[in-house]
2 protein chains.
Amino acid sequence: MILTVTLNTALDITYRVRSLRPHTSHRVSDVIERPGGKGVNVARVLAALGHEVTVTGFAGGATGRVLRERLADTRGVTDALVPIAGPTRRTIAVVDELSGDTTQLNEPGPQVSPAEWAVLLGSYADLLAAGPSAVALCGSLPPGVPVGAYAGLIRAARTLGVPVLLDTSGEPLRRGVAARPDLIKPNADELAELTGSHDPLRANQDARRRGAQAVVASLGAEGLLAVTPEGRWRAAPPTHVHGNPTGAGDSAVAGLLSGLVEKLPWPERLTHAVALSAATVRAPTAGDFDRAAYEKLLARVSVTAA
Amino acid sequence: MILTVTLNTALDITYRVRSLRPHTSHRVSDVIERPGGKGVNVARVLAALGHEVTVTGFAGGATGRVLRERLADTRGVTDALVPIAGPTRRTIAVVDELSGDTTQLNEPGPQVSPAEWAVLLGSYADLLAAGPSAVALCGSLPPGVPVGAYAGLIRAARTLGVPVLLDTSGEPLRRGVAARPDLIKPNADELAELTGSHDPLRANQDARRRGAQAVVASLGAEGLLAVTPEGRWRAAPPTHVHGNPTGAGDSAVAGLLSGLVEKLPWPERLTHAVALSAATVRAPTAGDFDRAAYEKLLARVSVTAA
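Source: prediction; values computed, not measured. (Residues numbered from 1 in each chain as written. Chains lettered and ligands numbered in written order. Predicted model: local features only at pLDDT ≥ 70, side-chain atom pairs only at ≥ 80, totals over all residues. Heavy atoms only, no water.)

### A short note on the sheet that holds strand 3 (residues 25-27) of chain A
Inference 1: Pairing is mixed across the open sheet formed by 5 strands, whose spatial order is 3(A)-9(B)-8(B)-2(B)-4(B). Strands at the two margins of the open sheet, each flanked by one partner only, are strand 3 of chain A together with strand 4 (30-36) of chain B. Ignoring strand direction, the axes of neighbouring strands in this sheet form an average angle of 15°.
Inference 2: Direction of pairing for strand 2 (residues 10-17) of chain B relative to strand 8 (residues 89-96) of chain B: parallel, over a ladder of 8 bridges. What sits directly across from Val-17 of chain B, in strand 8 of chain B, is Asp-96 of chain B. (Pairing = 2+ DSSP bridges. Helix = DSSP H or I, 4+ residues; strand = E, 2+ residues; numbered from the N terminus. Axes fitted to C-alpha atoms, helices over the stretch in contact; angles between N-to-C directions.)

### Details of the relation of the copies chain B and chain A
Inference 1: Mapping chain B onto chain A calls for a rotation angle of 180° and an axial translation of 0.0 Å; the resulting RMSD is 0.1 Å. The operation mapping one copy onto its partner corresponds to a two-fold rotation axis. Judged by C-alpha distance, Ala-62 of chain B is the residue of chain B that lies nearest the rotation axis, at 3.0 Å. (Least-squares fit on C-alpha atoms with pLDDT ≥ 70 in both.)

### Overview of the interface of chain B and chain A
Accessible area lost upon the coming together of the parts serves often as the stated size of an interface.
Inference 1: Taken together, the 32 residues of chain B in the interface contact 32 residues of chain A.
Inference 2: Regarding the contact of chain B and chain A, the summed buried area is about 2400 Å², with carbon and sulfur atoms giving 55% of it.
Inference 3: It is His-23, Arg-90 and Leu-105 of chain B in chain B that bury the most area against chain A; as a group they hold 24% of the surface buried on that side.
Inference 4: Across the contact surface, chain B and chain A share 2 salt bridges.
Inference 5: Run the count over chain B and chain A and you get 16 residue pairs in polar contact (both at pLDDT 80 or more).
Inference 6: A total of 5 residues in the side of chain B that touches chain A trace back to one element, the largest contributor, which is strand 9 (residues 102-106) of chain B.
Inference 7: Here the residues of the side of chain B that touches chain A are counted per class, giving 14 nonpolar, 9 polar and 9 charged. (Contact = heavy atoms within 4.5 Å. Buried area = accessible area lost by both parts, 1.4 Å probe. Salt bridge = Lys/Arg side-chain N within 4 Å of Asp/Glu carboxyl O. Polar contact = N/O pair within 3.5 Å; in protein donor to acceptor, adjacent residues only side chain to side chain. Nonpolar A, V, L, I, M, F, W, Y, C, P; charged D, E, K, R; others polar.)

### With respect to the pairing of strand 1 (residues 2-6) of chain B
All names here are of chain B.
Inference 1: Across the 5 residues of strand 1, 5 count as buried, placing the element largely inside the fold.
Inference 2: Burial along strand 1 is two-sided: the face carrying Ile-2, Thr-4 and Thr-6 and the face carrying Leu-3 and Val-5 are both buried.
Inference 3: In the sheet, strand 1 pairs with strand 5 (residues 53-60) via 5 bridges, with the strands oriented parallel. By the bridge assignment, Ile-2 is partnered in strand 5 with Val-53. (Buried < 20%, exposed > 50% of the residue type's maximum accessible area, 1.4 Å probe, protein only.)

### What about the sheet that holds strand 4 (residues 30-36) of chain A?
Inference 1: Judged by pairing direction, the sheet is mixed, and its 5 strands sit side by side in the order 4(A)-2(A)-8(A)-9(A)-3(B) without closing on themselves. Of all strands in the sheet, those bounded by a partner on one side alone are strand 4 of chain A together with strand 3 (25-27) of chain B. Each neighbouring strand pair of the sheet contributes to a mean axis angle of 15°, computed without reference to strand direction.
Inference 2: In terms of strand pairing, strand 9 (residues 102-106) of chain A meets strand 3 of chain B through 3 bridges, oriented parallel. Paired with Gln-104 of chain A across the bridge in strand 3 of chain B is Ser-25 of chain B.
Inference 3: The strands that helix 1 (residues 38-48) of chain A touches are strand 2 (10-17) and strand 4 of chain A; relative to strand 4 of chain A, the one it contacts most, it runs at about 90°.
Inference 4: Where helix 2 (residues 61-72) of chain A meets the sheet, it contacts strand 2, strand 4 and strand 8 (89-96) of chain A, and its direction lies at approximately 80° from that of strand 4 of chain A.

### Here we look at the pattern of salt bridges
Inference 1: Counted under the stated rule, the structure contains 22 salt bridges over all chains.
Inference 2: A salt bridge links Arg-90 of chain A to Glu-107 of chain A, with the shortest nitrogen-to-oxygen separation between them at 2.7 Å. Of this pair, Arg-90 of chain A sits in strand 8 while Glu-107 of chain A is found in the loop between strand 9 and helix 3 (114-129), placing the two residues 17 residues apart along the sequence. Take Arg-90 of chain A and Glu-107 of chain A: they sit in the same class, and that class is buried.
Inference 3: Glu-33 of chain B serves as the salt-bridge partner of Arg-70 of chain B, at 3.6 Å between the closest nitrogen and oxygen. Here Glu-33 of chain B lies in strand 4 and Arg-70 of chain B lies in helix 2 (residues 61-72), a separation of 37 residues in the sequence.

### Some remarks on helix 7 (residues 200-210) of chain B
Residue and element names in this part refer to chain B.
Inference 1: All of the buried residues along helix 7 are Ala-203, Asn-204, Asp-206 and Ala-207. All buried residues of helix 7 lie within an arc of 165° about the axis, which places them on one face of the element. Opposite the packed face of helix 7, turned more than 90 degrees from it, sit the exposed residues Arg-202 and Arg-209.
Inference 2: Here the buried face of helix 7 lies against helix 5 (170-177), strand 12 (183-184), helix 6 (188-195), strand 13 (215-218) and strand 14 (224-228).
Inference 3: Positive phi appears at Gly-211, one or two residues downstream of helix 7, with a value of about 140°. (Arc of directions from axis to C-beta.)

Shown next, in the form of structure tokens:
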């Protein structure tokens, strides 16, 4: 079992409008709702790849109820979310029919009480004791969760010898890295914010010095740059992939985790991650991946020493 | 008891952002949720004026549950909504902190089945039999409800001698007017669409010929223009009122209904409607009215023969 932790889960809502024009009124032609938050997205992709996944984190309110109802319908995903009083946030993606461009509105998330945080820590300890093959800690922290939260969760996993991946940003990333996670997957902006360097290779090396045992940076259309104890690689899709990049980073995380628990060599892990990521950009629904494209892309990802 | 009918109820959500910029990502700083749809707004204002109000229409899904929980907390409002399978729509108002301007995103509403529509008709007949002092039919029709729905609801009310106000637009307004409602309250655009005339007085007279026994047109900052069997009046606020016009039309409907059931002369009904409408524009929260402003404005509305 792979465990993903999403402290700030979300009900992701996609609206289709003709063209978003500020300060006017719009009739939404199409509404899609689905469970979200980075760790939930990672879990959905892992489940689609055939892994058993357990999701934890917080869910509350009417939006939390909808999230959990939808998760219950997702085969391969076990819901271990901790109920809280505050409502799970919504994210709204407004897609223009004319341009295909997306405007994003993200609610901040519920206030989490110290008692609720304590319940999550207890539940997390129980889930770790069940012996997951890996843990992924994903996304932003809701209000009320201590900024050093991920550092504590990383230490608990490492104590039990469970490999742990961290995918977050800002101060939670900075604090988390110091707790020596096995792997971080920042994008270029997150990596630059962490290290102060806009040179990806230099920044990856700096992030390792700060504590991360391996760093896989996602560089958008250029693919991934990995700096690991076993070597350094660049992995790139065959051509520029057109489509919606929403969820591409989460699919890359799922590919890395899948490769990790299957003990694949790093170049193969990166190949899976890049192919999944590109197949997500190509999929018609944001955050899903196009399985046929994924399988074709696997043979066409280039991995080179960096 | 006053009965308001809102076939397309809504969960109204207000987001505050710094400045809405299409095709970028926004952190929402503030989220407000409340029960909405025109008839629900009218009911809230009537209840605040001391009337007992019953609301009917449809509610369903997680959003419908939240709507009903919130209505249960509204003193003076009795919930007689009919449960349906489809989810109550959301409306999202995105308010720019910098300019104060609002961008509106309106979901279309749930699909209503013929069986659900039949349940509503039965429930409406029972509510009419209880002898309300007036009925207000408000807002758009959700998918699945026949376009002539309001005409049928108007005839049922008239058969029992219950005065009926209609506030809608487009084809539902056109069909409804032909069923001879006691009063319609179109805005300038709705009236022009109904009659083909952009001259408000001429259009009001035309709408009466089409079947409406009285027509009160809301002309924005210029106030109201009423053409009734008892006479014709213009009613205007003392000065241009600055603020958020959301809900001002619904407050005008509430003022007209309140005056109707209290059997006030038309000039007094119009005075109440204009004062409530202007006090709604002035209120800090969209759709609420500023009670102190309302009471001051009552003495300052001008009503003149038209």
